[in-house]
Amino acid sequence: MFHPLTAALALASPAGTRGRLTILIYHRVLAAPDALLPDTPDRAAFDWQMALVKRHFQVLPLAEAGRLLQEGRLPARAACITFDDGYADNLTEAWPILNRHGLPATFFVATGFLDGGRMFNDTLIELVRRMPEGDCDLTDVGVGVVALNGAESRIGLIHKLIGQFKYQQMTQRQESAEALASRFGVTLPDDLMMTTDELRKLADSAGVEVGGHTRNHPILTRLEDDAAREEILAGKHDLEARLERPVRLFAYPNGRPGKDYDARHAAMARECGFELAVSTAPAAARVGADPFQLPRFTPWDRTPGRFGLRLLRTLMT
């Protein structure tokens, strides 16, 4: 007999032409809770989340699910699990849990940060983690004077800084974040992202797909068309050279339709040889959805009941 949640999900997402595809987004899985990353699951939280997903959904590889969706042949309660960016803990923390539960997953990798690189947002997070308590004058970067006196104030500063830097030009935001870190003279980690060897190990694991995520994770709408196309294609070529296999799946950086990418970039992804691309539009995909703009979402909820209800609500909207 079906669990009530399983039964409700089956009604919201039946098999066949009325089926809907739930695609979950993750970025990291931490070894232990981090007060500055309250919405990022640690291994214990990710474990119960994956147990819940396994119990109530039929989890498919993304490439297979995309084909079945286009053909109107999805199984009931179809779902996929995806990770963005290429963090080292995808291999060390997330994959062992996925493997133990027998769940496939797709990992979208921004290749420019492999082998010791660091994304601008992580530079800012790790800087704020190391800044001293007390008032900090950051007027020159647009956030004013900030009083640091605990985790909540640091989280607030992280959000302000990322908001200020995110939509700068790609090279400018990276240089600006590093310059700010240099001002405070702190030592930042260089092992947050996978090495090439770690990526190969992950890619060779059963049930793993690796997809493109550009080379440097730019906001594509902030680039000229030629530069955007080059970012999409360079990330694909980087991965294919490292992994010695075709890369057919793509995720738009940041991924909000009409803001971070648009129809031009969906066309570019197709032209570059990808077969499917995913956004961060918070919804489930219906039959007939554009295979180069499949929606995905992140369930932030911290208890199994709320987590399950969010999955159900997303299918019903």
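Nothing here was measured: the structure is a model prediction, and the numbers come from that model. (Residues numbered from 1 in each chain as written. Predicted model: local features only at pLDDT ≥ 70, side-chain atom pairs only at ≥ 80, totals over all residues. Heavy atoms only, no water.)

Draft legend 1. Molecular detail of the overall build of the protein chain. Counting its regular elements, the protein chain contains eleven helices and ten strands. The C-alpha radius of gyration computed for the protein chain amounts to 20 Å, which stays within 12% of the reference 20 Å derived for 317 residues, consistent with globular compactness. A sequence separation of at least 24 residues applies to 71% of the contacts in the protein chain between residues at least 6 apart. About 13,600 Å² of surface is accessible on the protein chain, with carbon and sulfur atoms providing 51% of the total. One finds the centroid of the 37 positive side-chain charges in the protein chain at a distance of 7 Å from the centroid of its 40 negative side-chain charges. (Helix = DSSP H or I, 4+ residues; strand = E, 2+ residues; numbered from the N terminus. Rg over C-alpha atoms; globule rule 2.2 N^0.38 Å. Contact = heavy atoms within 4.5 Å. Areas by Shrake-Rupley, 256 points an atom, 1.4 Å probe, with all protein chains shown as cover. Lys, Arg positive; Asp, Glu negative; His and termini not counted. Charge placed at Lys NZ, Arg CZ, Asp CG, Glu CD.)

Draft legend 2. Focus on the pairing of strand β5 (residues 134-138). Here β5 runs beside strand β6 (residues 144-148); their pairing, made up of five bridges, is antiparallel. Each residue of the ladder has a partner; that of G134, found in β6, is L148. Remark: five residues form the turn of the hairpin made by β5 and β6, two consecutive strands paired antiparallel; G142 in that turn has positive phi of roughly 95 degrees. (Pairing = 2+ DSSP bridges.)

Draft legend 3. Quick look at the nonpolar core. F46, M50, I81, F83, L98 and Y252 are the most contacted members of the largest nonpolar core, which totals 54 residues. The biggest single contributor to this core is helix α4 (residues 89-101), with five residues. Excluding anything up to four places from it in sequence, F46 contacts Y26, V29, P41, F83, A94, I97 and L98. By size, the runner-up hydrophobic cluster in this structure holds 23 residues, among which are L37, L124, L138 and L180. (Core = buried A, V, L, I, M, F, W, Y, C linked by side-chain atoms within 4.5 Å. Buried < 20%, exposed > 50% of the residue type's maximum accessible area, 1.4 Å probe, protein only.)

Draft legend 4. Inspection of the packing of helix α1 (residues 4-12) against helix α11 (residues 304-316) at higher detail. The interhelical angle for the contact between α1 and α11, taken along N-to-C directions, is 15 degrees, at an axis separation of 9 Å. One element, α1, and the other, α11, form an angle in the roughly parallel class. Read as a crossing pair, α1 and α11 show a hand that is left-handed. Taking contact as the criterion, the partners of L5, A8, L9 and A12 in α1 are, on α11, G308, L311, L312, L315 and M316. Here the contact of α1 with α11 is built from residues that sort into eight nonpolar, one polar and no charged. (Axes fitted to C-alpha atoms, helices over the stretch in contact; angles between N-to-C directions. Parallel < 35°, antiparallel > 145°, perpendicular 65-115°, else oblique. Left-handed = near helix turned anticlockwise from the far one by under 90°. Nonpolar A, V, L, I, M, F, W, Y, C, P; charged D, E, K, R; others polar.)

Draft legend 5. Region of interest: the packing of helix α5 (residues 120-130) against helix α7 (residues 170-184). Put simply, α5 and α7 touch, their axes get as near as 9 Å, and they point 20 degrees apart. By the criterion of interaxial angle, the relationship of α5 to α7 is roughly parallel. In this structure, α5 meets α7 at a crossing whose hand is left-handed. In this structure, α5 contributes F120, T123, L124 and L127 to the contact, and α7 contributes R173, Q174, A177, E178, L180, A181 and F184.

Draft legend 6. Quick peek at the pattern of salt bridges. Overall, the coordinates contain 24 salt bridges when judged by the stated rule. Residue D39 pairs with R302 through a salt bridge whose shortest N-O separation is 3.2 Å. Taken as a pair, D39 in the loop between β1 (20-26) and α2 (43-56) and R302 in the loop between β10 (285-286) and α11 lie far apart in primary sequence, 263 residues in all. You can call D39 partly exposed: its relative accessible area is 38%. Between D84 and R296 there is a salt bridge, with the nearest N and O atoms lying 2.9 Å from each other. Note that D84 is positioned in strand β3 (residues 78-85) and R296 in the loop between β10 and α11, a separation of 212 residues in sequence. Given the relative accessible area of 0%, R296 is considered buried. (Salt bridge = Lys/Arg side-chain N within 4 Å of Asp/Glu carboxyl O.)

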